[in-house]
Amino acid sequence: WTDPAMGWVTENKSLKVAGKAYRRKSFMGLGSIGYNIFLIMLCCPPKSFISNNEINHWFGLTYIMLFIFDTVCNIPYYAFGMELASTPTGRDQVWFWNIVLGLS
């Protein structure tokens, strides 16, 4: 349910960065920052957690947040690829090279 919601947000909203409004790039940037933060948090839990209950909650919440930021980053990325070319042939070429280079 997060993918359609994020698709709607990136289609209808824009964020201003340095005075310029961006529809997709700003969400990709914010999503990648949050993704990296929660990936590090997932791999490095605090040493102060003693009980299994605390560590289970830590991993559960950071895992959920990791995938929320994955959505924030990747849904605009996939939509951005469709905006790079204006013709169907151009879009096919964009996605062909995206797959060949291993970017998706």
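These figures come from a predicted structure and were not determined experimentally. (Residues numbered from 1 in each chain as written. Predicted model: local features only at pLDDT ≥ 70, side-chain atom pairs only at ≥ 80, totals over all residues. Heavy atoms only, no water.)

**As for the overall build of the protein**
And step 1. Regarding its fold elements, the protein presents four helices and two strands.
And step 2. Listing every helix and strand of the protein by position from the N terminus yields α-β-β-α-α-α.
And step 3. For 104 residues, the compact-globule formula gives about 13 Å, and the C-alpha radius of gyration of the protein, at 17 Å, lies well above that figure.
And step 4. For the protein, the spread of C-alpha atoms along the principal axes amounts to about 55 × 35 × 25 Å.
And step 5. Sorting the 104 residues of the protein into buried and exposed places 23% on the buried side.
And step 6. Taking as baseline every contact in the protein between residues at least 6 positions apart, the subset at least 24 positions apart corresponds to 49%.
And step 7. Carbon and sulfur atoms make up 67% of the accessible area of the protein, which amounts to about 7,400 Å² in all. (Helix = DSSP H or I, 4+ residues; strand = E, 2+ residues; numbered from the N terminus. Rg over C-alpha atoms; globule rule 2.2 N^0.38 Å. Buried < 20%, exposed > 50% of the residue type's maximum accessible area, 1.4 Å probe, protein only. Contact = heavy atoms within 4.5 Å. Areas by Shrake-Rupley, 256 points an atom, 1.4 Å probe, with all protein chains shown as cover.)

**Quick word on helix H2 (residues 25-43)**
And step 1. Across its 19 residues, H2 extends 27 Å between first and last C-alpha, which sits within 8% of the 27 Å expected from 1.5 Å per residue.
And step 2. Where H2 is concerned, the buried positions are Ser26, Phe27, Met28, Gly31, Gly34, Phe38 and Leu42.
And step 3. If you follow the buried residues of H2, they end up packed against helix H1 (2-12), strand E1 (15-17), strand E2 (20-22) and helix H3 (52-83). (Expected span 1.5 Å × (residues − 1).)

**Side note on a nonpolar patch on the surface**
And step 1. Taken together, Phe96, Trp97, Val100 and Leu101 make up a surface patch of nonpolar side chains, about 450 Å² in accessible area.
And step 2. Mapping phenylalanine 96 onto the fold places it in helix H4 (residues 88-100).
And step 3. Given a relative accessible area of 47%, phenylalanine 96 falls into the partly exposed group. (Patch = residues over 30% accessible without salt bridge, like charges linked within 9 Å, V, L, I, M, F, W, Y side chains within 5 Å. Salt bridge = Lys/Arg side-chain N within 4 Å of Asp/Glu carboxyl O.)

**A word on the packing of aromatic side chains**
And step 1. Following the criterion strictly, the structure yields six aromatic pairs and no others.
And step 2. Arranged with centres 6.1 Å apart and planes meeting at 35°, the rings of tyrosine 78 and tryptophan 95 form a pair that is tilted. One end of the pair, tyrosine 78, is in helix H3; the other, tryptophan 95, is in helix H4, and 17 residues separate them in sequence.
And step 3. For tyrosine 78, a relative accessible area of 37% puts it in the partly exposed group.
And step 4. Site record: aromatic cluster; members linked through ring pairs are Tyr77, Tyr78 and Trp95. (Phe/Tyr/Trp six-rings, centres within 6.5 Å; stacked < 30°, edge-to-face > 60°.)

**Looking at the state of the cysteines**
And step 1. Taken as a whole and assessed by the stated rule, the structure comprises zero disulfides.
And step 2. Cysteine cysteine 43 shares no disulfide, and the gap to the nearest cysteine sulfur, in cysteine 44, comes to 6.0 Å. (Disulfide = S-S within 2.5 Å.)

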